[in-house]
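Architecture at a glance
One letter stands for each residue in the lines below.
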Amino acid sequence: MNDLPSVTGIVAEVRERFGDRLDAVRVSRRDEIYFDAKMDLVAGFSAHLYKNWNARLAGIFADDVRGQENVFHLYYVYALDAAHAFFILRVPVPPDKPEFTSLANAIPAADVQEREIQDLFGLKLIGHPNPRRCALHDDWPDVHPLRKDFDLHTQLPPFQGERHKFRPVEGEGVFQVPVGPVHAGIIEPGHFLFSVAGEPVLYLQMRLFYTHKGTEKLFEHLPVTHGVRLAESISGDSSFAHATAFCHAIERAAGVEAPPRAQALRTICLELERLYNHIGDIGAIATDVAFVVANMHAMRLKERVLRVNEQLTGNRLLRGMACLGGVRFNWDDGQIKVLEKLAAELGPEFDSLVELIENSSSTRDRLEDTGILKPKVARDLGVVGIAGRASGFDHDLRRDFPHAAYDRVKFHVPVYQEGDVEHRMQVRIDEVRESLSIIRQLVATLLAGALRVEIGELPASRTALGYVEGWRGEIYHWIRTASGNRLARCKVKDPSLQNWPALSEAILGNIVPDFPVVNKSFNLSYSGTDR
Amino acid sequence: MFDILRKSLRTGIVTTSYPETPVEISRFARGRPEIDWHKWEDARPATAACPTGAISCQDAGERRNVRLDLAKCTFCGLCAEADKTIRMTTVCECAARHRDDLVTEASYSLKPDGWHERLVATPDSKKSHLNKNAPLVPGSLDVLGQKIKAQVDSVLGRSLHIREVDAGSCNGCEIEIVGLNSPVYDLERFGIHFVASPRHADLLLVTGPVTRNMELALRKTYDAMPAPRLVVAVGACGCSGGIFGRNYATVGAVDAVLPVDVYIPGCPPNPHALLHGILVAIGRLSPAPKSANPAP
């Protein structure tokens, strides 16, 4: 790998490398650079960025601009973490030849996203190892909802297509354990098919998208102010992170920045979201190995954070707080005191909870070496967030692409190589402590000032990538604006979509009774994936 | 072992005594909105501000029919920001036995500029079955309904098993439902348990919106339950389809698929609101009183 020059240096190198095979290069923002090229350049461009600039494919999505330019566009988003820039390759797909070449064989991280494009846009995948339907189940009629000529409110006939055919797994003593979509616990729906020989899992197949709600299409039908509320409902446990990523995208398109106090309040809310989810997950992991007492303490602490959320934002899940250009509610001295009290008191309580778990040898025995996701696999699958960091994949948008007020605070990003359940829990434990420190730093330096800037009329036909490191991992909202404060496209990428295949890898060779705890250690969002 | 005991003893009792004591809620919490119907000058700004269509208005000639639908309301408070006649209360116990009980309608005559002239039809909920003063006719549906209800209450009222189904929610409602099992709310003190199988369940707690991909699974879960059984729809999406409504991928509210006994509004309803709704469903608490709408 080369030493990292500035972003401009890398852009110059890429330009030189590909010459006139690049149709255009546009620096939209300091960290968001667009490249135009033809389909045949995608593989080479990806390989070049991966090998020379340590890039990773952070997202692939499509956009239907047949109305304006008579093509579909494919977008490949590469994160160059060390250079703090997103390189976005845009490729046209002609409507009379609606197909695109798969990258999944070279970059497994592309797998599900490519199939989703095939389903929702009707662009045929060429060369994909498993080009079956995912976003639209097999019994759906042949429709492509994200095309502009498909109406959001289309009432589809009763579904009569095929049932999903799982891949057969055969052999002496091999049998199948189907689970879901309705699960035994109070969790979201999805289907898992375990192929097992005795207790150990040989192969895990998943069917998701049971909670597909047409969210991306719905964004195109709402005024942008209402879009913030829809963003809050993409994944309930990441309400604030999704809403903030959406606001971030709109603000970047409008060329404005939220004022410093709003940035600080946003950051505090993002960390509160991280706190209640991490604490809840640590408790749930303990429950899944039958250490229920620890979960009771964890739930008590989580409830305490939720109540502080309510005091600060009027809603326990921080809903209603986000708004375009900043945040909606200011905090008075009393509210700040509540926050300070939480930041001061939660630490010792949390340490005592961690001690309880660490001192339970039977619990540790169940967590160590369970559900290992190897660093190489994590890298290949492009695993993000806590799961990535527990498997040695060291990236965090808070540090690498400082947004909100993250450039004003000091924090440490925990990274481990082991990749087992214990270390996915350890990353959470470390991050809870960092979150409390971030909150304390921000409260100590909180300045008075405006809460929001006016966005005004949003310029049409602008594109922008908004991003936030949510508690689970990186969240992207990419938008293309239309006239009248509306959106022509809103692509939502939840970290869960990227991480589900990692669960299939991590469970291999583990016993079925360990699946709940392995699953919980990733704690992926079904709704965020399915949208 | 002793450390665990010591920690538990040191922590003490953290369980709320709700419903014997009032809900423990911050004064900043947003519950259901309240409209000062008599002083309301223009329903249009609030209608435009509402992201889910919970507040809506329709003009017919010189008359404007206005509707507040708590089943769609996410308690976001944007209406109150746009219109000072609307106030956000902290009231979260909003569960109702009938979908119509969550709807308030009123009519205004209009000035030429589109502002309200005066209230011509007083805000009242749409329903007639709430009218407790109306005499009950023996053998009528109402009486039959009450008999069945008394039966359900006596069978399920003391101990209840709940099966939860996420029929398409964002997981927000699930976070709060899981909270019911925490030591703070401790659902089990009422003899109420969550169970893993619909075959063991008396009550189906459903969050929505019901997606096309979950419709069949939801029906099958319901069919697997023994009678008598209750269905409770949770959250704005479960009660009405919420911000998602009905589209190519969703069939909307839970009652589009199953008969619903109790609706619990909120986005998400907090654990108090959920507890209230579940206790209403089994006849151990009464439904929320209608919001204050004094007659002129």
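Criteria and thresholds
Residues numbered from 1 in each chain as written. Chains lettered and ligands numbered in written order. Predicted model: local features only at pLDDT ≥ 70, side-chain atom pairs only at ≥ 80, totals over all residues. Helix = DSSP H or I, 4+ residues; strand = E, 2+ residues; numbered from the N terminus. Buried ≥ 20, exposed ≤ 12 C-beta atoms within 10 Å, placed from the backbone. Rg over C-alpha atoms; globule rule 2.2 N^0.38 Å. Contact = placed C-beta atoms within 7 Å. Domains from an automatic or database assignment. Pairing = 2+ DSSP bridges. Nonpolar A, V, L, I, M, F, W, Y, C, P; charged D, E, K, R; others polar. Axes fitted to C-alpha atoms, helices over the stretch in contact; angles between N-to-C directions. Core = buried A, V, L, I, M, F, W, Y, C linked by C-beta atoms within 7 Å. Parallel < 35°, antiparallel > 145°, perpendicular 65-115°, else oblique. Left-handed = near helix turned anticlockwise from the far one by under 90°.

The helix and strand tally for chain B stands at eight helices and 13 strands. When burial is assessed residue by residue, chain B has 48% of its 296 residues classed as buried.

A separate point is the overall build of chain A. Across its full length, chain A carries 18 helices and 15 strands. Here the C-alpha atoms of chain A give a radius of gyration of 23 Å, agreeing with the 24 Å that 2.2 N^0.38 yields for 531 residues. By its C-alpha atoms, chain A is 70 × 65 × 55 Å across when sized along the principal axes. With 531 residues in all, chain A has 55% of them scored as buried. A separation of at least 24 residues holds for 67% of the contacts in chain A among residues at least 6 apart in sequence.

Let's shift gears to the domain arrangement of chain A. Each domain of chain A was delimited in the assignment, giving domain 1 (7-126), domain 2 (174-207) and domain 3 (215-497). A C-alpha centroid distance of 29 Å is found between domain 2 of chain A and domain 3 of chain A.

Before going further, it helps to examine the pairing of strand E14 (residues 474-482) of chain A. Residues and elements named next belong to chain A. Within E14, eight of the nine residues are buried, which leaves the element mostly enclosed by the surrounding structure. The antiparallel pairing of strand E13 (residues 463-469) with E14 creates a hairpin that spans four residues between the two strands, and Gly473 there sits at a positive phi of about 160°. Direction of pairing for E14 relative to strand E15 (residues 486-493): antiparallel, over a ladder of seven bridges. Residue pairing in the sheet places Arg480 in a bridge with Arg489 of E15. Counting the residues that bridge the hairpin from E14 to E15 gives three residues, and of these Gly484 lies at a positive phi of roughly 70°.

Here the focus is the interface of chain A and chain B. Bring the parts together and some accessible area is lost; that lost area is often taken as the interface size. On the side of chain B, 46 residues touch chain A, which itself brings 48 residues to the contact. Elements with a contribution of two residues or more to the side of chain A that touches chain B: helix H6 (224-232), helix H9 (292-313) and helix H10 (333-358) of chain A. At eight residues, H9(A) tops the list of elements feeding residues into the side of chain A that touches chain B. Class assignment of the residues belonging to the side of chain A that touches chain B gives a composition of 19 nonpolar, 19 polar and ten charged.

Residues and elements named next belong to chain B. Read across the open sheet, the five strands follow the order E8-E7-E9-E11-E13; overall the sheet is parallel. Each of the sheet's edge strands pairs with one partner strand only, and the pair in question is strand E8 (192-194) and strand E13 (262-264). Taking the axes of each pair of neighbouring strands and ignoring which way they run, one obtains an average angle of 25° across the sheet. In this sheet, strand E9 (residues 203-207) lies alongside strand E7 (residues 160-166) in parallel orientation, the contact comprising five bridges. Directly across from Arg163, in E9, lies its bridge partner Leu204. Relative to the sheet, helix H8 (residues 271-281) contacts E8, E9, strand E11 (230-234) and E13, its axis offset from that of E13 by approximately 175°.

On to helix H17 (residues 515-522) of chain A. Residues and elements named next belong to chain A. Along H17, seven of the eight residues are buried, which leaves the element largely enclosed by surrounding structure. Restricting attention to buried positions, one finds in H17 the residues Phe515, Val517, Val518, Asn519, Lys520, Ser521 and Phe522. Each element contacted by the buried residues of H17 is listed here: helix H8 (260-288), helix H11 (361-367), helix H13 (385-390), helix H15 (421-444) and helix H16 (495-506). The positive-phi residue at the C-terminal boundary of H17 is Asn523, with phi of around 40°.

Residues and elements named next belong to chain A. The strand order across the open sheet built from three strands is E8-E9-E10, with neighbouring strands paired in antiparallel fashion. Of all the strands in the sheet, just strand E8 (174-179) and strand E10 (201-207) have a single pairing partner and so form its edges. Here the strands of the sheet are splayed against their neighbours by 15° on average, with no regard to which way each runs. Here E8 runs beside strand E9 (residues 191-197); their pairing, made up of six bridges, is antiparallel.

Before going further, it helps to examine the nonpolar core. Residues Tyr78(A), Phe87(A), Ile250(A), Val206(B), Val232(B) and Ala233(B) are the most contacted members of the largest nonpolar core, which totals 242 residues. In terms of residue count, the dominant contributor to this core is H8(A) (14 residues). Once you skip the residues sitting within four places of it in the chain, Val232(B) turns out to touch Leu203(B), Leu205(B), Val206(B), Asp261(B), Val262(B), Ile264(B), Gly277(B), Ile278(B) and Ala281(B).

Turning next to the environment of Ser46(A). Residues and elements named next belong to chain A. Within the secondary structure, Ser46 is located in helix H2 (residues 42-53). Residues Ser46 and Ile107, 61 residues apart in the sequence, show an inter-C-alpha distance of 8.8 Å. Not counting residues within four places of it along the chain, the set of residues in contact with Ser46 comprises Leu57, Tyr76, Leu103 and Ile107.

Residue and element names in this part refer to chain A. Structurally, Gly528 is set in helix H18 (residues 526-530). Given 28 C-beta atoms within a 10 Å radius, Gly528 is considered buried. A C-alpha to C-alpha distance of 26 Å links Gly528 and Ala258, two positions 270 residues apart in sequence. The residues touching Gly528, leaving out its near neighbours within four places in the chain, are Ile234, Ser235, Ser238, Asp494 and Ser496.

Once that is clear, we can look at the packing of H8(A) against H9(A). All names here are of chain A. In the contact formed by H8 and H9, the axes pass within 8 Å of each other and the chain directions differ by 165°. The orientation of H8 relative to H9 falls into the category roughly antiparallel. As H8 packs across H9, the resulting crossing turns out to be left-handed. Contacts between H8 and H9 involve Cys269, Leu272, Leu275, Tyr276, Ile279, Gly280, Ile282, Gly283, Ala284, Ala286 and Thr287 from the first element and Val292, Ala294, Asn295, Ala298, Met299, Leu301, Lys302, Val305, Leu306, Val308, Asn309 and Thr313 from the second. Grouping the constituent residues of the contact of H8 with H9 by class yields 16 nonpolar, six polar and one charged.

Attention now moves to the environment of Gly172(B). By secondary structure assignment, the location of Gly172(B) is in helix H5 (residues 172-179). Sequence separation of Gly172(B) and His161(B) is eleven residues, and the distance between their C-alpha atoms is 22 Å. Aside from chain neighbours lying at most four places away, what touches Gly172(B) is Gly236(A), Ser239(A), Leu317(A), Cys267(B) and Pro268(B).

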